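Report on the structure
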Amino acid sequence: MQINENYLKLKSSYLFANIARKVAAYGAAHPEADIIKLGIGDVTRPLVPAVIDALHKAVDDMAHEETFQGYPPELGQKFLLEDIQKYDFANRGVQLDLDEIFVSDGAKSDTGNIGDIFGVDNKVAICDPVYPVYVDTNVMGGRAGAYREDGHWSNIIYLTCTAENNFLPELPGERPDIIYLCFPNNPTGMAIDKAGLKKWVDYARENECVILYDAAYEAFIPEDRDLPHSIYEIEGAKECAIEFRSYSKTAGFTGVRCGVTVVPKALKVNGVALNALWARRQTTKFNGVSYITQRGAAAIYTPEGHRQIMENIEYYRNNAQVIAAGLNEVGLRTWGAECSPYVWLQTPDHMKSWDFFDLLLNELQVVGTPGEGFGPAGEGYFRLTGFGNAERTKEAVERIKNYFGR
């Protein structure tokens, strides 16, 4: 009997599990502490009324033989696929066929599972800092190589993002096979413009690379900003990119689970269409998203549902801007917040990011996420989220201002 020894190369647990343990231990030792959590990117506002109404109706459908639903279509219910096709893409000038759109249980699952259709020997390029799932799933899949003392993996190409390049990755010197991009970015909150994204599309086409584009936070881009919500707004992207989208932050579905992956039929590797491979993978390993969940997701495309979710998105984005403004008042340097629920800040006095975590927790009872957990280039930085309650977020900011402004 053998195991997948790549799992033994991973750190003992996931970044956010480590944070949860630290916070739980502090809470147990200090039961009187008033802890404000601005760390894990989980939503706090309830599902909007339009979604709740749709979920209730879908539950009622399951109670009657004539409307009961069994196994869902593995690739998505037609009513939801048509809404995605129209409102997420056609309205932005992107034409997709329904069978290029795949409904799933979330972008996290699909960004991890997409590796199933790629060979183990492919060279992967990943931004640093980065959402940990991209790295960890490639370690699990055997593509990462050996772990080095500098915190990098030997077979991964790192696209270092720093204050000097405004946390936007630069084209790699070494050609990768697969490139992970995420905009607006997690963890830095930075967005990319169309000219910047076009450089990546052109590079991928010229070098026969595949871009894995995580657009989970696209809904946070204000409509008055001329920034791409989809990579397919860039000419030629259908020939080189797979896009991942999510209802988790868009509609508060972190506990409901629903996402979207787009694999254009024009995207081929060595003459093989990746659309067919992904369809085969999904129909074999995935039984589809429940009818009830998909009815809830479809509700956000109604006029009332769209208005309601955009109110929540504005609420979270405003929280992020309150955080950024407060930190800036006391001389802390920040990025993000404008097109994102995340604030990325430079720790004061070159403090290590986990030391800053401990300071905020122990002195101020505020929880954030150490930048080092997102990769070596995240050391010296820290992430706070706007997903909390507005009043509690203001309280956390006041604690930080009072401490660093004295």
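How each quantity is defined
Along each chain, residues carry numbers from 1 onward, in the same order as the chain's sequence is written. Only residues with pLDDT of 70 or above have their local features reported here, since the model is predicted, and side-chain atom pairs are shown and tallied only from 80 upward, although totals for entire chains, interfaces and linings are computed over all residues. Neither water nor hydrogens contribute to the side-chain values; these are computed over all heavy atoms in the structure. Pairs of strands are assigned from DSSP output, requiring at least two bridges between the strands. Starting at the N terminus, helices and strands are each numbered in turn, a helix being any DSSP run of H or I of at least four residues and a strand any DSSP run of E of at least two. Angles here are taken between N-to-C directions and fall from 0 to 180 degrees, while the axes themselves are lines fitted to C-alpha atoms, restricted in helices to the stretch in contact. What makes two residues a contact is simply this: any of their non-hydrogen atoms within 4.5 Å. Working definition: rings of Phe, Tyr and Trp (its six-membered ring) pair if their centres are within 6.5 Å, and the pair is stacked with planes under 30 degrees apart, edge-to-face with planes over 60 apart, and tilted otherwise. Only protein chains enter the accessibility calculation, which uses a 1.4 Å probe. A residue is then buried if its area is under 20% of the maximum for its type, exposed if over 50%, and partly exposed in between. Given the number of residues in a helix, its expected span is that number minus one, multiplied by 1.5 Å. The definition of a nonpolar core used throughout is a set of buried Ala, Val, Leu, Ile, Met, Phe, Trp, Tyr and Cys residues joined through side-chain atoms within 4.5 Å. Throughout, the term roughly parallel applies to angles under 35 degrees, roughly antiparallel to angles over 145, roughly perpendicular to angles from 65 to 115, and oblique to all others. Take the far helix as your reference; a near helix turned counterclockwise from it by less than a right angle gives a left-handed crossing, and one turned clockwise gives a right-handed crossing. Think of it as three bins: nonpolar holds Ala, Val, Leu, Ile, Met, Phe, Trp, Tyr, Cys and Pro, charged holds Asp, Glu, Lys and Arg, and polar takes everything else, Gly as well.

Details of the sheet that holds strand β6 (residues 210-214)
Strand order in the open sheet formed by 7 strands is β2-β8-β7-β6-β5-β3-β4, with mixed pairing between adjacent strands. This sheet does not close on itself; its edge strands, each paired only once, are β2 (101-104) and β4 (156-160). Taken pair by pair, the neighbouring strands of this sheet meet at an average axis angle of 20°, ignoring direction. In this structure, strand β3 (residues 124-128) lies alongside β4, joined through 5 bridges in parallel fashion. Bridging across to β4, I126 finds its partner in Y158. Against the sheet, helix α8 (residues 274-285) makes contact with β2, β6, β7 (241-246) and β8 (259-262), and its axis sits at roughly 25° relative to β2, the strand it touches most.

Side note on the packing of aromatic side chains
When we look at a pair of aromatic rings, we describe it by the centre distance and by the angle of the planes. Going through the model one piece at a time under the given rule, you end up with 26 aromatic pairs. Ring geometry for F167 against W335: centres 4.9 Å apart, planes inclined by 75°, an arrangement best described as edge-to-face. Of the two residues, F167 sits in the loop between β4 and β5 (178-182) while W335 sits in strand β11 (residues 334-336), which places them 168 residues apart along the sequence. The same class applies to F167 as to W335, namely buried. The interplanar angle of 90° and the centroid separation of 5.3 Å between the aromatic rings of F167 and Y381 together place this pair among those described as edge-to-face. Of this pair, F167 sits in the loop between β4 and β5 while Y381 sits in strand β15 (residues 381-385), placing them 214 residues apart in sequence. Judged by its relative accessible area of 1%, F167 is buried. Under the relative-accessibility criterion, Y381 is labelled buried at 9%.

Section: helix α10 (residues 303-329)
Relative to the 39 Å expected for 27 residues at 1.5 Å per residue, α10 spans 39 Å between its end C-alpha atoms, a close match to the ideal helical length. Following α10 by one or two positions, G331 adopts a phi angle in the positive range, close to 85°.

Thoughts on the nonpolar core
Nonpolar side chains in soluble globular proteins tend to end up buried together. Counting residues in hydrophobic clusters, the biggest one holds 121 residues, and the most contacted among them are I211, I242 and Y247. Per element, the largest residue contribution to this core is 6 residues, and it comes from helix α11 (residues 353-364). Not counting residues up to four positions away in its chain, the partners in contact with Y247 are L80, I84, G252, F253, C258, G259, V260, A297, I300 and Y301. If you look at the next biggest cluster of nonpolar residues, it comprises 9 residues, including Y217, A219, F220 and I313.

Some details on the packing of helix α2 (residues 49-61) against helix α9 (residues 291-298)
Where α2 contacts α9, the two axes come as close as 8 Å, and the packing angle between them is 150°. Between α2 and α9, the interaxial angle falls into the category roughly antiparallel. When the axes of α2 and α9 are compared, the crossing they make is right-handed. Facing V51, A54, L55, A58, V59 and D61 of α2, the residues of α9 in contact are Y291, I292, T293, R295 and G296. Across the contact of α2 with α9, the residue classes tally to 7 nonpolar, 2 polar and 2 charged.

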